[in-house]
Amino acid sequence: MTRRKAAKMMLAGSVLAILPGCGEALGSRYPTYRYRLTVEVDTPEGLRTGSSVIEVRTRISGRYSIPNPGQVIHSIRGEAVAVDLGRRGILFALLRSEQLIDWASTVLFLKASPVPLSVTRGLPNSSQVAFDIRFKAALALVGPQVIPRDYPDRIGSRHKPGDPPSAWPMMVRFRNLADPKSVEKINPDDLSASFGAGVKLRRITAERTEDSVTSGILARLPWLAHAQGSLTKQPRDRRTGQLVPLADTHLSVQLTNGDFTKGIGK
C-alpha cells in the first residue's frame, strides 16, 4: 500500500469515527443538528426580518435496504419563515424550493464545499466517505452563512437566465390569510412586483444553533392544522371525471401542508 493510499484510508477512518454509526451494515446515522434560517427584506419602512429554527436528521440506508441501498434519507422538524411586511402583507419562505421538496434539509450541507474526487478516489465506499467529509464540514460552519441565489454545483440542468433560484426557498403570499386558495407564488428576484415599490430581498442566511425548533405558523394560518397533503383538494375534469394533472392545477393544489410545517404537533 502506498503512503498516499494509507493517508486516504486514515482520513476515511477518522471521519467515520466522528460520525456515529457510519459504516454499519444496516445503515449510517449522523448527528442531528439545528439551524436558524433567516430572511431579510428591505422596505421603504425599514428592514424586516423573519426566522425559523429547523432540525435536521440524516441517515444513509444500509447495503441490504430495499429498494435503495445507500440512499441518503433526511427528515426535518420546523416550519416556513414568515416575514411580516406590515400593511404590505406576509412573505412566506417555504421548506421547499422550486426544484427540491426536501430543500430545508440540504441548506447547510450544500454550503459546505464539495469533496474533490482526488481525495476519495480508490477508497472503498468513496461516495459515502465524500458525503461524510462534507457533512462534517457542514457541521463545522460558524456564523451566519449567506445562501446564494444558485448553488455552485447546481442541481439539474445548467442555469439559464430567468430560471428560478436553485439555492433559495420557494416564496409565497396569501392575499387572504384565511383562504388557502388565495396563495400566490412570489418572484424573489422582484419582491416589489408583489409587495410594492422599494421592497427587495436583502439576503437569506442559515446559522447553526442550539435554540428550540420554532412553532407559530399555525397562529397565522390556522386552517393549516386541518390540511392533509394539498392545501386544497385536487379537482376532477368535468368531462372525464379524472383528476386534473397537478401541473395544470392552482398553486394551492400543488403545495402541501408539509411545505409549511413538518414534524410539529398540530
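Below: a short report on this structure. Fair warning: this is a prediction, and the values are worked out from it, not measured in the lab.

What counts, and where the lines are drawn
Residues numbered from 1 in each chain as written. Predicted model: local features only at pLDDT ≥ 70, side-chain atom pairs only at ≥ 80, totals over all residues. Heavy atoms only, no water. Helix = DSSP H or I, 4+ residues; strand = E, 2+ residues; numbered from the N terminus. Buried < 20%, exposed > 50% of the residue type's maximum accessible area, 1.4 Å probe, protein only. Contact = heavy atoms within 4.5 Å. Areas by Shrake-Rupley, 256 points an atom, 1.4 Å probe, with all protein chains shown as cover. Core = buried A, V, L, I, M, F, W, Y, C linked by side-chain atoms within 4.5 Å. Phe/Tyr/Trp six-rings, centres within 6.5 Å; stacked < 30°, edge-to-face > 60°. Polar contact = N/O pair within 3.5 Å; in protein donor to acceptor, adjacent residues only side chain to side chain. Salt bridge = Lys/Arg side-chain N within 4 Å of Asp/Glu carboxyl O.

1. Description of the overall build of the protein chain
If you tally the helices and strands in the protein chain, you get 7 helices and 11 strands. Within the protein chain, the proportion of its 266 residues that are buried is 42%. Excluding contacts between residues fewer than 6 apart, the proportion of contacts in the protein chain whose partners are at least 24 apart in sequence is 63%. Surface accessibility of the protein chain: about 14300 Å² in total, with carbon and sulfur atoms responsible for 52%.

2. Some remarks on the nonpolar core
The biggest cluster of nonpolar side chains holds 37 residues, and the ones touching the most others in it are Y35, V39, V41 and L91. Contributing elements (two or more residues each) for this core: β2 (33-43), β3 (46-61), β5 (81-84), β6 (90-93), α2 (107-111), α4 (126-139) and β10 (200-208). Examining the composition of this core, we find that 5 residues originate from one element, β2, more than from any other. When neighbours within four sequence positions are excluded, L91 is seen to be in contact with V39, V41, V81, A82, V83, L85, M171, V172, I186, L191 and F195. In this structure, L94, M170, W223 and L255 belong to the second largest nonpolar core, which totals 18 residues.

3. Observations regarding the packing of aromatic side chains
Counted under the stated rule, the structure contains 9 aromatic pairs. Aromatic side chains F92 and F174 sit 5.7 Å apart centroid to centroid with 80° between the ring planes, which places their arrangement in the edge-to-face category. Taken together, the residues span a long stretch of sequence, with F92 in strand β6 and F174 in strand β8 (residues 171-174) at a distance of 82 residues. No difference in accessibility class separates F92 from F174, as the two residues are buried.

4. Thoughts on the environment of R202
Within the secondary structure, R202 is located in strand β10. What makes R202 partly exposed here is its relative accessible area of 46%. Between the C-alpha atom of R202 and that of T43, which follows or precedes it by 159 residues, the distance is 9.7 Å. Discounting residues that sit within four places of it in the chain, R202 has contacts with E40, V41, D42 and L47. Among the polar contacts listed, one links the side chain of R202 to the side chain of D42, at a separation of 2.7 Å.

5. Observations concerning the pattern of salt bridges
All chains considered together, the criterion is met by 16 salt bridges. Across the salt bridge formed by D150 and R149, the nearest N and O atoms sit 2.9 Å from each other. The salt bridge partner of D237 is R239, with a shortest N-O separation of 3.7 Å. Judged by relative accessible area, which is 72%, R239 ranks as exposed. The structure contains a network of salt bridges with shared partners spanning R34, E55, R57 and R77.

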